[in-house]
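# Report on the structure
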Amino acid sequence: MSVIEWLKDDPSANKKDREGKKRASISKWLKGEVGINTEAAIKRSFHETSIGESDVQISIRNIGKTYVKNGVETKAIDEISIDVRKGELVSFIGPSGCGKTTLLNMIAGLLPPTSGVVYVGSKECTGPGRDRGMVFQDFALLPWRTVKNNVELGLEIAGVPKAERSAKADEYLRIVGLEKFANSHINELSGGMKQRVGIARALIVEPDVILMDEPFGALDAQTRNLMQTQLIDILKTTKQTIIFITHSVDEAVYLSDKVVVLTKRPTTVNEVVEIPWSRPRDRTTPEFNEMKREIVAYLEHENVLVD
Ligand code: ADP
């Protein structure tokens, strides 16, 4: 029996034994005592075990991306590995052009990685799926549809019967505080309201994870702060897992459980900063500002101007 078979399939071994064997094998692998194919399989086996036994919802493993355009190669992402747990809000912050949108699109399954794997739960991501919802900076709403019809869109595409999707849309409009605007048209809404439609549209299909690409970047400072508070309120109800791209250190510290600070291109993880406080948070405390300073220092190390 191969190393991998007993790592994964030994029914006689109890969990403790398997853990011990797994650690021994990984230790062998680290010492270079096993071949390259075995190395990949152990990585995968380790991943499957950790997914099965934990609440990891998105696992980014050694992801890299090189674009080739007109024969010119641009290495956007060198290598990123990170786990996002159920109910966590993890934000990625980094220099402009470092590859944040590229990373998000690979997690969404819209862009194939050059190397590495994204797992959604225990499944390898091979394309877009209902398990991942998206919220875009420019809202990407359909202006010819009402607010409610925009929110219903994902369920409509999935063939959910009209009465059922109407009831669900009412529920999610309530969650984002737009129930009174169900029949309004998109051009009648403020920017913040439009983005709440975008959030409801993503939430309604009840995805495992929502991917947000600078969702409040197009809003003025006051609306942006309001939207952050409203997002926190929404999360109290939905406990949604979120991956959040931002340029704002303040926003990252206000919202996140974990802030992943990226290096400049070709990108890798500079630092993962855990934010240990429950939400909502007070932006005016010395601790909050100290946390911001810490993240700014990592970014300044990358010669990044921050807001
Ligand atoms: P960010 O979101 O951090 O601003 P992006 O992910 O948009 O960065 O882009 C990362 C790098 O990859 C940039 O240098 C960008 O010019 C390059 N890039 C993005 N998309 C493409 C593409 N389709 N073809 C070639 N290069 C691209």
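Structural data are supplied above this passage.
The notes below deal with the structure included here. Sequence order as written defines residue numbering, which begins from 1 separately in each chain. Reporting of local features is limited, given that this is a predicted model, to residues whose pLDDT is at least 70; pairs of side-chain atoms are given and counted only at 80 or more, and all residues count toward the totals for whole chains, interfaces and linings.

Take helix α10 (residues 286–301) next. Helix and strand definitions follow DSSP, with helices as H or I runs of at least four residues and strands as E runs of at least two, each counted in order from the N terminus. Multiplying one less than the number of residues by 1.5 Å gives the expected span of a helix. In a regular helix each residue adds 1.5 Å, so 16 residues correspond to 22 Å; α10 covers 22 Å between its end C-alpha atoms and thus fits that length. All of the buried residues along α10 are Met291, Ile295 and Leu299. The buried residues of α10 all sit within an arc of 80° when viewed along its axis, so they share a single face. Projecting away from the buried face of α10 at angles above 90 degrees are the exposed residues Pro286, Glu290, Arg293, Ala297 and Glu300. As a rule, residues whose C-beta atom has 12 or fewer other C-beta atoms within 10 Å are exposed, those with 20 or more are buried, and those in between are partly exposed; C-beta atoms are placed from the backbone. In this description, the arc belongs to the directions extending from the helix axis to the C-beta atoms.

The subject of this paragraph is the packing of helix α5 (residues 147–157) against helix α6 (residues 162–175). For every element, the axis is a line fit to its C-alpha atoms; helices are fit only across the contacting stretch, and the angle between N-to-C directions ranges from 0 to 180 degrees. Orientation of α5 relative to α6, taken along the N-to-C sense of each, is 125°, at an axis distance of 9 Å. Taken together, α5 and α6 sit at an angle that is classed as oblique. Here the hand of the crossing between α5 and α6 comes out right-handed. The residues of α6 that touch α5, namely those facing Lys148, Val151, Glu152, Leu155 and Glu156, are Arg165, Lys168, Ala169, Tyr172 and Leu173. Working rule for angles: under 35 degrees goes down as roughly parallel, over 145 as roughly antiparallel, 65 to 115 as roughly perpendicular, anything else as oblique. The crossing is said to be left-handed when, going from far helix to near helix, the turn is anticlockwise and less than a right angle, and right-handed when the turn is clockwise. Here the contact rule is simple: place C-beta atoms from the backbone, and any two residues whose C-beta atoms are within 7 Å are in contact.

What follows deals with the sheet that holds strand β7 (residues 209–213). Any two strands with at least two DSSP-identified bridges between them are counted as paired. Spatial ordering of the open sheet is given by β5-β4-β1-β2-β10-β9-β3-β8-β7-β6, a layout of 10 strands whose pairing is mixed. A single partner strand is all that each edge strand has here, and the edge strands are β5 (123–124) and β6 (132–135). Summarising the sheet, β7 and strand β8 (residues 241–246) pair through 5 bridges and their orientation is parallel. Each bridged residue has a counterpart across the sheet, and for Met212 the counterpart in β8 is Phe244. With respect to the sheet, helix α7 (residues 191–203) is in contact with β6 and β7, its orientation differing from that of β6 by roughly 170°.

To continue, consider the site of the ligand. In the vicinity of the ligand, the contacting residues are Tyr67, Lys69, Thr74, Ala76, Ser96, Gly97, Cys98, Gly99, Lys100, Thr101, Thr102 and Arg265. Those elements giving two or more residues to the shell around the ligand turn out to be β1 (56–69), β2 (72–85) and α4 (100–108). The element that contributes the greatest number of residues to the shell around the ligand is α4, accounting for 3 residues. Side-chain classes follow a simple rule in which Ala, Val, Leu, Ile, Met, Phe, Trp, Tyr, Cys and Pro form the nonpolar group, Asp, Glu, Lys and Arg form the charged group, and the remainder, Gly included, forms the polar group. Among the residues making up the shell around the ligand, the classes are represented as 3 nonpolar, 6 polar and 3 charged. We call a residue near a molecule or strand if the C-beta atom, set from the backbone, is within 6 Å of it.

Moving on, we get to the nonpolar core. Note on terminology: a nonpolar core is any set of buried Ala, Val, Leu, Ile, Met, Phe, Trp, Tyr and Cys residues joined through C-beta atoms within 7 Å. Ile107, Val118, Ala200, Leu211, Ile243 and Ile295 are the most contacted members of the largest nonpolar core, which has 65 residues in total. Ranked by the residues each element gives to this core, the list is headed by α7, at 6 residues.

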